Amino acid sequence: MDDQTLADLAKAVKEYDGDGAAALAGRALDAGTDPKAVLDVLTDAIREVGDAFGAGELFLPELVSAAEATQQAMPIVEAAFKASGGTRSSAGKVVAGTVAGDIHNIGKTIFCTLLTADGFEVIDLGIDVPVARFVDTVRELQPDLVAMSALLTITAQEQKRVIVALGEAGLRAGLKVIVGGGAISQPFADSIGADGYSPTAPGGVTLARELLTG
Ligand code: B12
C-alpha cells in the first residue's frame, strides 16, 4: 500500500482539487491498494472538511468544493469495486436513493457501491427522490429491498412518507426497507416502521444480506 498517495489523496480533497483526487485515487488503485482503503480515505477527508464547516472554520462554498472533489474521485473507486465483484449471481435487487429535499449524495453512493461489490443488483435513483418515484420504481421493478438515505433532520420524515406510501400502494408485503444517513438513528428507524438501520455503509450491506437471507 502506498501511504504517500493516500495522504496526497486526502490532501487533494481538503484542497478542493477534484482532478488531483481522481488522478490520485486512480494511482492508488493501480498500485494495488484495496478500493475499500481508498474509499475510507475519501470518507475521512470529507468528514474532516465537514467538521471544520460545522465548527465555523470553513464556509459553504469550501464544503461544496471539497464534496465535488470527493465526487470526482468516486467513479474511479466504484469501477474498481465493480471489477472486483466479478460476475457473481445477484444477492438481491435493491432500489436506493436519498429522499426528497435532500441532495447529500456521497454516503448513499458509497453504500450503493459496496452493495454492488457484494453482489447485489442496485438501482440508484440518485438524490432528492420524491416519494412517488420510490413507489413507482418498486411497482415496476419489484425489488427485494428499498434503501433510503437522509442527512438532514428535516428530510428524515420523508423516509416515513415513503414507507407509508408503499403500504398504501399494497407494495410493502415481502419488501424490506432499510434506512441510513447522518440524520437517522435506530429509535427513529423503529418509529417509522423500517426493517433495519445501520450507521455505516458496510454495516448496511451486512444488514441487507441478513434481511434477505434470514
Ligand atoms: C458534504 C456535505 C454537504 C454537501 C453535499 C454534497 C454531495 N454531493 O453529497 C453540500 C455542500 C451540498 C451540503 C449541503 C447542505 N448541507 Co450538508 N453536509 C455535508 C457533510 C460535511 C458531509 C456529508 C457526507 O458526505 N459525509 C460523508 C459520508 C460518507 O457520510 P454519510 O453521508 O453520513 O454516510 C455514511 C453513513 O451515514 C451511511 N449511510 C448513508 N446513507 C445510508 C443509507 C443506508 C440505507 C445505510 C444503511 C447507510 C447509509 O453510509 C455512509 C458511509 O458509512 C455533512 C457533515 C457530516 N459530518 O456528515 C453536512 C451536513 C449533513 N449538512 C448539513 C446542512 C445543514 C446542509 C445544508 C442545509 C447547508 C446550507 N446551509 O445550505 C445543505 C442542504 C442541502 C440539501 N437540501 O440537501 C448538516 C445537517 C444538519 C441536520 N442534522 O439537519 C450537516 C450535518 C453539517 C452540520 N454539522 O451542520 N452538505
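Residues numbered from 1 in each chain as written. Predicted model: local features only at pLDDT ≥ 70, side-chain atom pairs only at ≥ 80, totals over all residues.

Engineer: Could you give an account of the site of the ligand, naming the residues involved and the relevant values?
Structural biologist: The ligand sits among 37 residues. The nearest are Gly50, Gly107, Ser149, Gly180 and Gly204. Among the secondary structure elements, those contributing two or more residues to the shell around the ligand are α3 (35-54), α4 (60-85), α5 (106-117), β3 (145-149), β4 (176-180) and α9 (201-213). If you tally residues by element for the shell around the ligand, the top one is α3, at 6 residues. Partitioning the shell around the ligand into residue classes produces 18 nonpolar, 16 polar and 3 charged. (Near = placed C-beta within 6 Å. Helix = DSSP H or I, 4+ residues; strand = E, 2+ residues; numbered from the N terminus. Nonpolar A, V, L, I, M, F, W, Y, C, P; charged D, E, K, R; others polar.)

Engineer: Please provide a residue-by-residue account of the nonpolar core, values included.
Structural biologist: In terms of nonpolar packing, the biggest core is built from 63 residues, with Val13 and Ala25 touching the most fellow members. Among the elements that line this core, the one with the most residues is α4, at 9 residues. Of the residues that make up this core, three or more belong to each of domain 1 (3-85) and domain 2 (93-213). (Core = buried A, V, L, I, M, F, W, Y, C linked by C-beta atoms within 7 Å. Buried ≥ 20, exposed ≤ 12 C-beta atoms within 10 Å, placed from the backbone. Domains from an automatic or database assignment.)

Engineer: How would you summarise the pairing of β3 if you had to cite specific residues and measurements?
Structural biologist: Moving residue by residue along a regular strand, the side chains alternate between the two faces of the sheet. By the criterion of burial, β3 is predominantly enclosed, with 5 of the 5 residues buried. Burial of the side chains of β3 extends over both faces: Leu145, Ala147 and Ser149 are buried on one face and Val146 and Met148 on the other. Bridge count between strand β1 (residues 93-98) and β3: 5 bridges; the pairing is parallel. Bridged to Ala96 within β3 is Ala147. Inspection of the sheet shows β3 paired to β4 by 5 bridges, in the parallel sense. Within the sheet, the bridge partner assigned to Val146 lies in β4 and is Val177. Handedness of the crossover joining β3 and β4 through helix α7 (residues 153-168) is recorded here as right-handed. (Pairing = 2+ DSSP bridges. Right-handed = clockwise from strand over helix to strand, strands pointing away.)

Engineer: Provide a residue-level description of unusual backbone geometry, including the pertinent values.
Structural biologist: Of note, Tyr16 is a non-glycine position whose phi angle comes to about 60°, a positive value. Summarising the element assignment, Tyr16 is placed in the loop between α1 (3-14) and α2 (18-30). With a phi angle near 50°, Asp128 is a residue other than glycine that sits in the positive phi range. When you line up the elements, Asp128 lands in the loop between β2 (121-124) and α6 (131-141). According to the C-beta neighbour criterion, Asp128 is partly exposed, with 17 such atoms within 10 Å.

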